[in-house]
Amino acid sequence: MAYVLIFSRLFPFSHRLRGTSICLLSLFLSFLCYCALFPGGAVMQKSGDPTPSCLQADGAKRRLQKSPSCLFPPDARKSSAADEAPQADLRRSAAGRTGRENTPSPPMSHLKFGNKKLPNAIIVGVKKGGTRAVLEFIRIHPDVRAAGTETHFFDRNYDRGLEWYRGLMPRTLESQITMEKTPSYFVTKETPHRISAMSQETKLIVVVRDPVTRAISDYTQTLSKTPDLPSFQDLAFRNQSLGIVDVSWNAIRIGLYALHLENWLRHFPLAQIHFVSGERLITDPAGELARVQDFLGLKRIVTDKHFYFNRTKGFPCLKKPESSGSPRCLGKSKGRTHVQIDRDAIEQLRDFYRPYNVKFYEMFVPLEIPADQIADFLTKGRDSGE
């Protein structure tokens, strides 16, 4: 009506117009004003459509493109809205809980997954003794969590600090044991002191094997990676005709179990070290794992029902869990066929290792531990002179 009054003032003859004409004229003037205020023909969205319309003519393009809702296609906007909806619900729910409670809730990670702790037990050796098998077998126990890879903290990464080491561990509950395995620890001089400095309560597991067989296995693995490696005899002996063994070769030095154990006993009591027989781990994995579980203070859950013998690999494998379609065997590098070594060289090495094996056995006499509970090769060495 304001337009009609203005029009009547400007055009005196307007009193002659009928009421209908005046209404039409008023609508026409309103349209002209609308076009002046909203140039470019922007299309208004329907009130029932929750998504802002992005249809515009050229004149309105600059203004509408500034809206975030017009920067993405309709499908992307729908997806974004759908993703934000549950997040908004969570925020509202969290706000409601905050209003109802006076104290903050503990982090969800602590409630669901536990904490990262320094290990309670460590498999410290020996290389090519069966350490990976022991770790894979014991970690199926529900009360055991283990780091998946060798950390090499106490021999190569010690300067990174304990918090870095803790960060490599899996999250565990208070009732669970944290474990890791790095076989080179057993032969590294500084490692016993460093582990003791971390915790004198740490339980240690050592997997031992006939040192001659272990050396051949070690050489076989290295040869698979370095085909141009010298022969086993060239590396093992300084002078084979005289039977002089080269103890500087790492594959030979690792098998001097008694010397390495002396270093560990300066920092840990023998009762805190458990020895697994690498030979019996193949023939009776359930029996060896039973003793490991006893040593760790765990209920005997890993039993013979978990294993079957893989004749192709010549090694025990874990039976497939209900959630898996196939059994779990160790990798291709486990159970590989050893290179053939001259029989005379093997006998020379057995003669070399015999006094060290006897000394290793005698270390267990005060604990009244039968030799056959430590390693089969110790019993063979005493009874048959091999």
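Calculation criteria
- Residues numbered from 1 in each chain as written.
- Predicted model: local features only at pLDDT ≥ 70, side-chain atom pairs only at ≥ 80, totals over all residues.
- Heavy atoms only, no water.
- Phe/Tyr/Trp six-rings, centres within 6.5 Å; stacked < 30°, edge-to-face > 60°.
- Buried < 20%, exposed > 50% of the residue type's maximum accessible area, 1.4 Å probe, protein only.
- Lys NZ or Arg CZ within 6 Å of the ring centre and 35° of its normal.
- Helix = DSSP H or I, 4+ residues; strand = E, 2+ residues; numbered from the N terminus.
- Core = buried A, V, L, I, M, F, W, Y, C linked by side-chain atoms within 4.5 Å.
- Axes fitted to C-alpha atoms, helices over the stretch in contact; angles between N-to-C directions.
- Contact = heavy atoms within 4.5 Å.
- Nonpolar A, V, L, I, M, F, W, Y, C, P; charged D, E, K, R; others polar.
- Parallel < 35°, antiparallel > 145°, perpendicular 65-115°, else oblique.
- Expected span 1.5 Å × (residues − 1).
- Polar contact = N/O pair within 3.5 Å; in protein donor to acceptor, adjacent residues only side chain to side chain.
- pLDDT = per-residue confidence, 0-100.
- Pairing = 2+ DSSP bridges.

Participant: Can you tell me about the packing of aromatic side chains, naming the residues and giving the values?
Facilitator: Following the criterion strictly, the structure yields 19 aromatic pairs and no others. Relative to Y158, the ring of F153 has its centre 5.3 Å away and its plane inclined at 50°; by these criteria the two rings are tilted. Assessed through its relative accessible area of 0%, F153 is described here as buried. Exposure remark for Y158: the relative accessible area of 32% places this residue in the partly exposed category. Taken together, the ring pairs in this structure connect F153, F154, Y158, W164, Y165 and Y185 into an aromatic cluster. Lying across the ring of F295, K203 places its NZ or CZ 5.4 Å from the centre.

Participant: Report on helix α6 (residues 131-138), specifying residues and quantitative values.
Facilitator: α6 sits mainly inside the fold: eight of its eight residues count as buried. The complete set of buried residues in α6 reads T131, R132, A133, V134, L135, E136, F137 and I138.

Participant: Explain unusual backbone geometry to me, using residue names and the numbers behind them.
Facilitator: Note the cis peptide between G125 and V126, where omega equals -5°. Inspection of the secondary structure puts V126 in the loop between β2 (121-125) and α6. A positive phi angle, close to 60°, is found at K128, a residue other than glycine. Here K128 is to be found in the loop between β2 and α6. Of note, H152 is a non-glycine position whose phi angle comes to about 50°, a positive value. Along the chain, H152 falls in the loop between β3 (144-146) and α7 (162-167).

Participant: Quick one: what's the story with the nonpolar core, residue by residue and with numbers?
Facilitator: V124, F186, I195, L261, W264 and F275 are the most contacted members of the largest nonpolar core, which totals 29 residues. The set of elements that each furnish at least two residues to this core consists of β2, α8 (191-198), β6 (203-208), α12 (257-265) and β9 (273-277). Ranked by residues supplied to this core, first place goes to α12 with four residues. Counting 26 residues, the second largest nonpolar core, distinct from the first, contains F137, F295, V302 and F307.

Participant: So what's going on with the packing of α12 against helix α15 (residues 343-362)? Which residues, and what values?
Facilitator: Axis separation between α12 and α15 bottoms out at 8 Å; the angle between their running directions is 35°. Residue-level contacts link Y257, A258, L259, L261 and E262 of α12 to Y356, K359 and F360 of α15. Here the residues of the contact of α12 with α15 sort into six nonpolar, no polar and two charged.

Participant: With reference to specific residues and values, describe the packing of helix α9 (residues 211-225) against α15.
Facilitator: Interhelical geometry of α9 versus α15 gives an angle of 125° and a closest axis separation of 9 Å. For the element pair α9 / α15, the angle class is oblique. Of α15, the residues touching α9 (which contributes P211, V212 and I216) are I346, L349, R350, Y353 and N357. Residues of the contact of α9 with α15, tallied by class, amount to six nonpolar, one polar and one charged.

Participant: Break down α9 for me, citing the residues and quoting the values.
Facilitator: Over its 15 residues, α9 runs 22 Å from end to end, which matches the ideal 21 Å to within 8%, given 1.5 Å per residue. Backbone nitrogen of V212 and a side-chain oxygen of the N-cap are separated by 3.1 Å at the start of α9; the cap is D210.

Participant: Explain the confidence of the model for the protein residue by residue, including any values.
Facilitator: Model confidence for the protein is summarised by a mean pLDDT of 78, while 63% of its residues fall at 70 or above. Predicted confidence is poor over residues 41-106, with pLDDT under 50, and the contacts of this stretch with residues over four places away or in other chains come to 28 contacts. Scored below 50 in pLDDT, residues 381-386 makes eight contacts in the model with residues more than four places away or belonging to other chains.

Participant: So what's going on with the pairing of β2? Which residues, and what values?
Facilitator: With five of five residues buried, β2 is to be regarded as a mostly interior element. When β2 meets strand β5 (residues 177-181), the two strands line up parallel, connected through three bridges. Residue pairing in the sheet places I122 in a bridge with E180 of β5. As judged from the four bridges shared by β2 and β6, these two strands associate in the parallel manner. Looking at the pairing, G125 lines up with V206 of β6.

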